[in-house]
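Overview (structure and organization)
What follows is each chain in one-letter form.
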Amino acid sequence: VFEPHLLRKAEFLKGTATFTYTSIAGDTKSVSLEKGSLCFTYCQVPIVYQLSEKESISVLCNNESPIQQEGLQLDLETSQKLFERTGELAQIIVSIRSTEQEK
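This paragraph deals with the pairing of strand β5 (residues 56-61). Within β5, five of the six residues are buried, which leaves it mostly tucked inside the rest of the structure. Where β5 meets strand β6 (residues 67-70), four bridges bridge the pair, whose relative direction is antiparallel. For S58, the partnering residue across the bridge sits in β6 and is Q68. The turn linking β5 back onto β6 is made up of five residues, and N63 within it adopts a positive phi angle of 65°.

Quick look at helix α1 (residues 76-83) now. Among the residues of α1, those classed as buried are T78, S79, K81 and L82. Within α1, the buried residues cover an arc of 160° as seen down the axis, which keeps them to one side. Opposite the buried face of α1, at more than 90 degrees from it, the exposed residues are L76, E77 and F83. Close packing links the buried residues of α1 with β3 (37-42), β4 (45-52), β5 and β7 (89-97). Its side-chain oxygen at 3.1 Å from the backbone nitrogen of E77, D75 defines the N-terminal cap of α1. Phi turns positive, to about 50°, at R85, one or two residues after α1.

Reading guide: rules and limits
Residues numbered from 1 in each chain as written. Predicted model: local features only at pLDDT ≥ 70, side-chain atom pairs only at ≥ 80, totals over all residues. Heavy atoms only, no water. Buried < 20%, exposed > 50% of the residue type's maximum accessible area, 1.4 Å probe, protein only. Helix = DSSP H or I, 4+ residues; strand = E, 2+ residues; numbered from the N terminus. Pairing = 2+ DSSP bridges. Arc of directions from axis to C-beta. Contact = heavy atoms within 4.5 Å. Polar contact = N/O pair within 3.5 Å; in protein donor to acceptor, adjacent residues only side chain to side chain.

What follows is the structure, encoded as structure tokens:
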């Protein structure tokens, strides 16, 4: 479950940026970030938070179509892939309501 309640709007990017990380395979990779987002890795998978009008998750898998779901909770299968570091997940994009971050 993603719980962004402690994030402040000031922590999100004011412009575009590039986030560089080391993948599970040991490769250096990068993610392009837009204004109103922030990024970190968890189990070496980039997690991008982006400000939005609704809460949803988009899971980008290697060699598969993205998985879209409403809310801020990953399903069991995706969670297992993340925690077990299977290398199947390329990125997780978490859309959160911008009104939550006004504090």
